[in-house]
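Examination of the molecular architecture
What follows is the residue order along each chain.
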Amino acid sequence: MRVERRLTLNAGREAVWAVLKDPDAYPALLPHLERWEPVTEGPPRVGSRYTVEWQIGGIPVGGVVEVVEFDTARDLAWISITGVTQRGRFRLRDAGPGRTAVTFRLAYHSDGGLLGLIADRIAARQVGRSLSQSLKNLQRMVES
């Protein structure tokens, strides 16, 4: 299942990137995030790993994710190494002077054949709301 939300912010890409590149900002940025802890040492970069856990409904889901793209003020993407199969991406693009178009995309897949597919479809609505709220949180963080 793939869910995507977009929002244009009244802030330059560097200001938006300052929030997205900081894993310590993620608890305030991502609703339902219960845990985002580094597994690897050092600053965020390609290859950095994090233990991640979201609360979806009453169920904690997550695992270890690895950063696979870290293009300054452009793209930040991760994939799951363990746990629920997922791929997340923030994409930043210019949207005029002092404005940034942000796309937040999350693709995920639950095991379990038909039951997993049904669970993914049911979760899509909540995941979409969570992505929208994440972008609103980002907007609040960079425009204030």
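Scroll up to find the structure.
Okay, so let's go over this structure. The shown structure was predicted, so the numbers you read here are calculated from the model rather than taken from an experiment. (Residues numbered from 1 in each chain as written. Predicted model: local features only at pLDDT ≥ 70, side-chain atom pairs only at ≥ 80, totals over all residues. Heavy atoms only, no water.)

1. Thoughts on the overall build of the protein chain
When you go through the protein chain residue by residue, the secondary structure sums to three helices and seven strands. From first element to last, N terminus to C terminus, the protein chain shows the α and β order β-α-α-β-β-β-β-β-β-α. Counting across all 144 residues of the protein chain, residues that qualify as buried make up 40%. A separation threshold of at least 6 residues defines the contact pool for the protein chain, and within that pool the share at least 24 residues apart is 46%. Of the roughly 7,700 Å² of accessible surface on the protein chain, 52% is carried by carbon and sulfur atoms. (Helix = DSSP H or I, 4+ residues; strand = E, 2+ residues; numbered from the N terminus. Buried < 20%, exposed > 50% of the residue type's maximum accessible area, 1.4 Å probe, protein only. Contact = heavy atoms within 4.5 Å. Areas by Shrake-Rupley, 256 points an atom, 1.4 Å probe, with all protein chains shown as cover.)

2. Side note on the side chain of Gln-86
Among the secondary structure elements, Gln-86 is positioned in strand β6 (residues 85–94). In contact with Gln-86, other than residues within four places in its own chain, are Trp-54, Val-65, Trp-78, Ile-79, Ser-80, Leu-106, Ala-107 and Tyr-108.

3. Looking at the packing of aromatic side chains
This model, assessed by the stated rule, comprises seven aromatic pairs. Among the aromatic side chains, those forming a connected cluster through ring pairs are Tyr-26, Trp-36, Tyr-50, Trp-78, Phe-90 and Phe-104. (Phe/Tyr/Trp six-rings, centres within 6.5 Å; stacked < 30°, edge-to-face > 60°.)

4. Comments concerning the environment of Phe-90
Relative to the elements of secondary structure, Phe-90 occurs in strand β6. Between the alpha carbons of Phe-90 and Ala-73 there is a distance of 9.9 Å; along the sequence they are 17 residues apart.

5. Concerning the pattern of salt bridges
Evaluation of the coordinates by the stated rule reveals ten salt bridges. Here Arg-105 makes a salt bridge to Glu-4, at a shortest N to O gap of 2.7 Å. Note that Arg-105 is positioned in strand β7 (residues 100–109) and Glu-4 in strand β1 (residues 2–9), a separation of 101 residues in sequence. Where Glu-66 meets Arg-49, a salt bridge forms, and the shortest distance between an N and an O atom there is 2.7 Å. In this pair, Glu-66 is assigned in strand β4 (residues 59–71) and Arg-49 in strand β3 (residues 49–56), connecting sequence segments 17 residues apart. For Glu-66, a relative accessible area of 18% puts it in the buried group. Through salt bridges with shared partners, one network takes in Glu-69, Asp-75, Arg-87, Arg-89, Arg-91 and Arg-93. (Salt bridge = Lys/Arg side-chain N within 4 Å of Asp/Glu carboxyl O.)

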